[in-house]
Amino acid sequence: MTSRLLGHAGLGRVSLGRALLSLSLCGAAGGGLVAGLVMPFVGGAGLAAKRAASAFTELPAPLREEPLPEMTRLLDRDGRQIAQFYYQNRQSVPLSAVAPVMRQAIVAIEDSRFYEHGGLDLKGTLRALVTNTRAGGIRQGGSSISQQLVKNIMLSQAETEQERAQALVRTFRRKLDELRYALALERKYTKDQILERYLNIAYFGAGAFGVQAAARRFFGVDAADLTLTQAATLAGAVRTPYDTDPSLGDDHRGRLRARRDLVLSRMAELGLIGRDRALDAAAAPLALHLRPEPGGCAGSAYPFFCVYVEREVLTNPAFGYTRADRERRLQRGGLTIWTTIDPAAQRAADRALAARVSPRDNQVASETMIEPGTGRIRAMAVSKRYGRNPHDRALGRNTTYNLAADVAHGGGLGLQAGSTFKVFTLTTALKQGMRFGDGFTIPGSYVPSFGYRDCSGRAVNDPHTVIHNAGGEGGGGPYSLEMGTWQSVNIFYMRLEREVGLCDVVATARSLGIRRADGTPLREVPTFTLGANEMDPTTVAAAYAALAARGRYCRPMAIAAVVEHDGTRTEVPPACVAALEPAVADAVSHVLTGVFTKGTMRGQSIGRPAAGKTGTNNGYTSAWFAGYTPSLAAAVSVGDIRGSYRYPLTGVTIGGRYYGSVQGASLPGPIWVDSMRAALRGVPAHGFTPPDMSRFGGGFTPGLKEALEKQRKKQEKEKKKREAEHRRHDDAASQAGGPASGGTGTPGSRATPAPGNGSHPLAAGRLPFSAGNGRVPLGSGGGRAAAAVSPMRFPAAGHDFSQTFARMFSPDVARTFARVFGHNPAVASTAHTPVRGPARRTPRRTGSVGAPAATGRTSSSTGSSTGGGVGGSTGARRDGSARGRTSDARLYAASPRHTQEDTRRNRH
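Please read these numbers as outputs of a predicted model, since none were measured by experiment. (Residues numbered from 1 in each chain as written. Predicted model: local features only at pLDDT ≥ 70, side-chain atom pairs only at ≥ 80, totals over all residues. Heavy atoms only, no water.)

Chemist: Is there a simple way to think about the packing of helix α5 (residues 100-110) against helix α12 (residues 228-237) in this case?
Modeler: Describing two packed helices takes the angle between their axes plus the distance from one axis to the other. Across the interface, α5 lies against α12 with an axial gap of 9 Å and an inter-helix angle of 40 degrees. With respect to the hand of their crossing, α5 and α12 are arranged in right-handed fashion. Every residue of α12 that contacts α5 at Val101, Met102, Ala105, Ile106, Ile109 and Glu110 is listed here: Leu228, Ala231, Ala232, Leu234 and Ala235. Its residues assigned to classes, the contact of α5 with α12 comprises ten nonpolar, no polar and one charged. (Axes fitted to C-alpha atoms, helices over the stretch in contact; angles between N-to-C directions. Helix = DSSP H or I, 4+ residues; strand = E, 2+ residues; numbered from the N terminus. Left-handed = near helix turned anticlockwise from the far one by under 90°. Contact = heavy atoms within 4.5 Å. Nonpolar A, V, L, I, M, F, W, Y, C, P; charged D, E, K, R; others polar.)

Below, the structure is given as structure tokens:
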């Protein structure tokens, strides 16, 4: 018997005639006992017996086998599993991937004569009846493995609770069908094929279907690596999986151990293992290592990205004609989905968000990173944890919304994108022939009363709204295309949008994949360029990635390949189109690199060429930064999860830091910098393709040269005044017999002023013209209050700017720039340290009324730069109608030192 049990397929194949002969012999010898156990109908009249014999001689076709519900696995770009979906936790494996001892254990306890009978083992059934009767419980199986396989197939094909109940009912008809189908299976398959199917379909308890899932669930090992005690444990569980489920408590574990010991005893009786080995194994503890096997995205290391992939499958017709078909395929299809997620980039995004925004905060930050030229999503992060809050509270550490994506991919309604949308107006202007240095003079306030038509040709002017630059003090002057972008000047961009055409700007945005987060049509209103539409970081990052890819827009993609259960692999190619001329994209990148060197992100760098744009909304309802390198693009948004309009980002503490107001460069910008620097570590740095200066160079802005010269003289005068104040202070300190306050030298030494502080409008965040009221207005939140800036980095002394400016501006303007930047000793300083001179209690006017003066060291990580584009909703409500003026984009270091009066004084 032992040799047969251990034999290969074919040793136990028995003809149908032999099975019927066994039936007749047992019926004659055992009478009512056997008939009552297996076939009650045989013990009746001869007519019933004759009908039964006829039923067995006319066997049906083998039971139709639908593919078993298989687990779908999600893998990262490196092939590591990040999530799984299943209707039943199952991973089918071939018999060769199951440990031999596991095969022996299951046959020993369930059907020891499996390799000898032909599907109906009456001798074994009789013996099991006697054994179980004497033991007072189930010690041996009464049904053959073939019969159990038939029952499990019927159960797996049941779609409803009613169908499952019918599959389990113990009626004469059901038992007869089970026997007939078992004999048909024996005729169709070899013994090993039947055993393989049984091991993959059986339920072992604790949510594990099939031997592979059970081995992983119970012991954290593969089925091929099961030991004797582990195999005996699983073999014992299969008979009564609910009573022996170890996840349900100690009582269930006790019953599981008793079943394990029974299997060991049975294996010893059959001579499969020695008696001593069986006793040693029975003395060992269960040694369970219950490994959770959560299904869905809650158990994923990257839950928000997982939600994006899940929604992509459920909404993509490539996975099925209907949503029900797609859901069935995801949970039952046994797919292996290779995703685009990059673990290194994802860690970088997660850490950058966690360092500045806490899950406990009502404010939430989100970021998506996308690879230019392919659209592959490399990271998707949200500052909150994924899941429901305790007691299903609306607020808390957790959220089930994928706030980095649109509604179609599990996200929310989005946040107004602010001045990140100015990029589309800039792109349109360059497409239409504007050159670097081109510009015009703007007024101190602006009313969009004419010149705006949507793409249907309908006038959408708003004569009742007054647009101001950030600060709202009035003033105006000449701006070039670059300067209006670097300082994110609202009025300049409103005028520029009118000049190039609102519909053309909208068309550019659409060509770069811009769609509202809620799926509704874009709001084509005058403040479109100021970001009046609600967006999600994934959509914005994909648009900016197109600029990095020299105009090639690619739809965001999360799935790189799909492998079917049978091993068939389908690659998913990027979905890309040429949205812009490469030369236009290069020109846009050229301008946007200045945001880091001369604009709203000045002083914040990732150590390689980068381009980007800040965005802050009217009333500080949200803040953004979107940017890119040739290798990676990313967008970061920040808003209040309770409602961005009801809860603006003013006077808030986020991540333990206080912010008088959150702006694009004070929180989203640093998150972007930290995450991109880490994500690109080890990636070669590449610069952008230089722009075609024959096409885009040589522009001219009337009055700009004169404004720059006037501003230069004013700055020189202010510089001399400051130096005189320093000398007076040092003289007073020297006469007092001590060093200057805050100084580090000998008594009488003079503290060195901050390099370039106030020496030039671009160095101090001021515009290159006088506002006429003694103040210099900031540009759309893009400027910097000198009192709150972090240490500035300036070119080395003697740097020659002449070639740079000659390419960008007319000769006269270029000479003026070169003179201001290249020969101003304050600007040319290479010092990067903050002012450590005497404390100054009187605020200096730098275009931000009431901004406190810098005392001691300031930090760029706590809001040292303002956000660009305050007024993303400038004159735009959620319904797209116009309203109000832009917010005051004054800068505040994120420090608790600011009093309530500071905050109150510097709001609208």
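Once the structure has been displayed, the description carries forward.
Chemist: Please clarify how the state of the cysteines should be interpreted in this entry.
Modeler: Formally, a disulfide is one covalent bond, and it connects the sulfur atom of one cysteine to the sulfur atom of another. Scanning the model with the defined rule gives three disulfides in all. With its sulfur 2.1 Å from that of its partner, Cys297 forms a disulfide with Cys306. With the S-S bond torsion at -80 degrees, the cross-link from Cys297 to Cys306 turns out left-handed. The class for Cys297 is buried, based on a relative accessible area of 5%. Note on cysteine connectivity: Cys554 is disulfide-linked to Cys576, with sulfurs 2.1 Å apart. Since a negative S-S torsion denotes a left-handed disulfide, the Cys554-Cys576 link at about 105 degrees is right-handed. Remark: Cys576 occurs in strand β19 (residues 576-578) and Cys554 occurs in strand β16 (residues 552-554); sequence separation between them is 22 residues. Disulfide connectivity for the chain, with bonded cysteines indexed by sequence position, reads 1-2, 3-4, 5-6. (Disulfide = S-S within 2.5 Å. Buried < 20%, exposed > 50% of the residue type's maximum accessible area, 1.4 Å probe, protein only.)

Chemist: Help me understand the packing of aromatic side chains in this model?
Modeler: Aromatic rings in a pair are described by how distant their centres are and how their planes are angled relative to each other. The full count for this structure, using the stated rule, is 16 aromatic pairs. Judged by centre distance (5.4 Å) and plane angle (40 degrees), the rings of Tyr203 and Tyr242 are tilted. Note that Tyr203 is positioned in strand β3 (residues 203-205) and Tyr242 in the loop between α12 and α13 (250-269), a separation of 39 residues in sequence. A residue is classified by how much of its surface remains accessible, and Tyr242, at 60% relative accessible area, is exposed. Each ring, one from Phe440 and one from Phe492, has its centre 4.7 Å from the other, and the planes form 20 degrees; the classification is stacked. Taken as a pair, Phe440 in strand β11 (residues 439-442) and Phe492 in helix α20 (residues 490-500) lie far apart in primary sequence, 52 residues in all. A single burial state applies to Phe440 and to Phe492, both of which are buried. Aromatic rings pair up to connect Phe440, Tyr479, Phe492 and Tyr493 into one cluster. Directly above the aromatic system of Tyr189 lies the positively charged group of Arg197, at a separation of 4.0 Å from the ring centroid. Above the plane of the ring of Tyr647 lies Arg642, whose end atom (NZ or CZ) is 3.8 Å from the centre. (Phe/Tyr/Trp six-rings, centres within 6.5 Å; stacked < 30°, edge-to-face > 60°. Lys NZ or Arg CZ within 6 Å of the ring centre and 35° of its normal.)

Chemist: Help me understand the sheet that holds strand β21 (residues 622-628), please; the structure alone is not making it clear to me.
Modeler: Whenever strands of a sheet pair, they do so through backbone hydrogen bonds, lying parallel or antiparallel. Pairing within the open sheet is antiparallel, and its five strands lie in the order β7-β6-β22-β21-β20. The open sheet is flanked by β7 (377-382) and β20 (611-616), the only strands paired with a single partner. Taken over all neighbouring pairs, the strand axes of this sheet differ in orientation by 5 degrees on average, direction set aside. Here β20 runs beside β21; their pairing, made up of six bridges, is antiparallel. Looking at β21, one finds that Ala611 is bridged to Tyr628. On the sheet, helix α17 (residues 343-356) packs against β6 (363-370) and β7 and is oriented at approximately 25 degrees with respect to β7. (Pairing = 2+ DSSP bridges.)

Chemist: Before we go on, may I ask you to explain the environment of Asp78 in this structure?
Modeler: Structurally, Asp78 can be placed in the loop between β1 (72-75) and β2 (81-85). Looking at Asp78, the relative accessible area reads 47%, which means it is partly exposed. On a C-alpha basis, the gap between Asp78 and Pro343 in space is 8.4 Å, while along the polypeptide they are 265 residues apart. Among the polar contacts listed, one links the side chain of Asp78 to the side chain of Arg80, at a separation of 3.2 Å. (Polar contact = N/O pair within 3.5 Å; in protein donor to acceptor, adjacent residues only side chain to side chain.)

Chemist: I would appreciate a short explanation of the packing of α17 against helix α24 (residues 668-679) in the present structure.
Modeler: Relative to each other, α17 and α24 sit at 150 degrees, their axes nearing to 8 Å. It follows that α17 is roughly antiparallel to α24 by the angle criterion. Regarding α17 and α24, the two cross each other, and that crossing is right-handed. When α17 is examined against α24, the residues Ala345, Ala348, Ala349, Ala352, Leu353 and Arg356 are found in contact with a partner set consisting of Pro670, Ile671, Asp674, Ser675, Ala678 and Ala679. (Parallel < 35°, antiparallel > 145°, perpendicular 65-115°, else oblique.)

Chemist: So what exactly am I meant to see when it comes to the pattern of salt bridges here?
Modeler: A side chain of one charge can pair with a side chain of the opposite charge if their charged atoms are brought near each other. By the definition in use, this model includes 25 salt bridges. Two residues, Glu312 and Arg555, come together in a salt bridge whose shortest N-O distance is 3.0 Å. Taken together, the positions of Glu312 in helix α15 (residues 303-315) and Arg555 in the loop between β16 and β17 (559-563) put the pair 243 residues apart, joining distant regions of the chain. Given the relative accessible area of 7%, Glu312 is considered buried. A salt bridge links Glu564 to Arg329, with the nearest nitrogen and oxygen atoms 2.2 Å apart. Taken together, the positions of Glu564 in the loop between β17 and β18 (569-571) and Arg329 in helix α16 (residues 323-332) put the pair 235 residues apart, joining distant regions of the chain. Judged by its relative accessible area of 23%, Glu564 is partly exposed. Given a relative accessible area of 23%, Arg329 falls into the partly exposed group. Taken together, the shared-partner salt bridges connect Asp76, Asp78 and Arg80 into one network. (Salt bridge = Lys/Arg side-chain N within 4 Å of Asp/Glu carboxyl O.)

Chemist: How should I be thinking about the pairing of strand β24 (residues 657-661) in this particular structure?
Modeler: Put simply, side chains in a regular strand alternate between the two faces of the sheet. Counting buried residues along β24, four of its five residues qualify, which places the element largely inside the surrounding structure. Inspection of the sheet shows strand β23 (residues 650-654) paired to β24 by four bridges, in the antiparallel sense. For Thr653, the partnering residue across the bridge sits in β24 and is Tyr658. Counting the residues between successive antiparallel strands, the hairpin from β23 to β24 contains two residues, one of them, Gly655, with a positive phi of roughly 60 degrees.

Chemist: What should I look at first to understand α13 in this one?
Modeler: An α-helical turn contains 3.6 residues, so any two residues separated by three or four positions project in the same direction. With 20 residues, α13 extends 29 Å from end C-alpha to end C-alpha; this agrees with the ideal 28 Å at 1.5 Å per step. Buried residues of α13: His252, Leu256, Arg259, Arg260, Leu262, Val263, Leu264, Arg266, Met267 and Ala268, and no others. Just downstream of α13 lies Gly271, where phi reads positive at about 80 degrees. (Expected span 1.5 Å × (residues − 1).)

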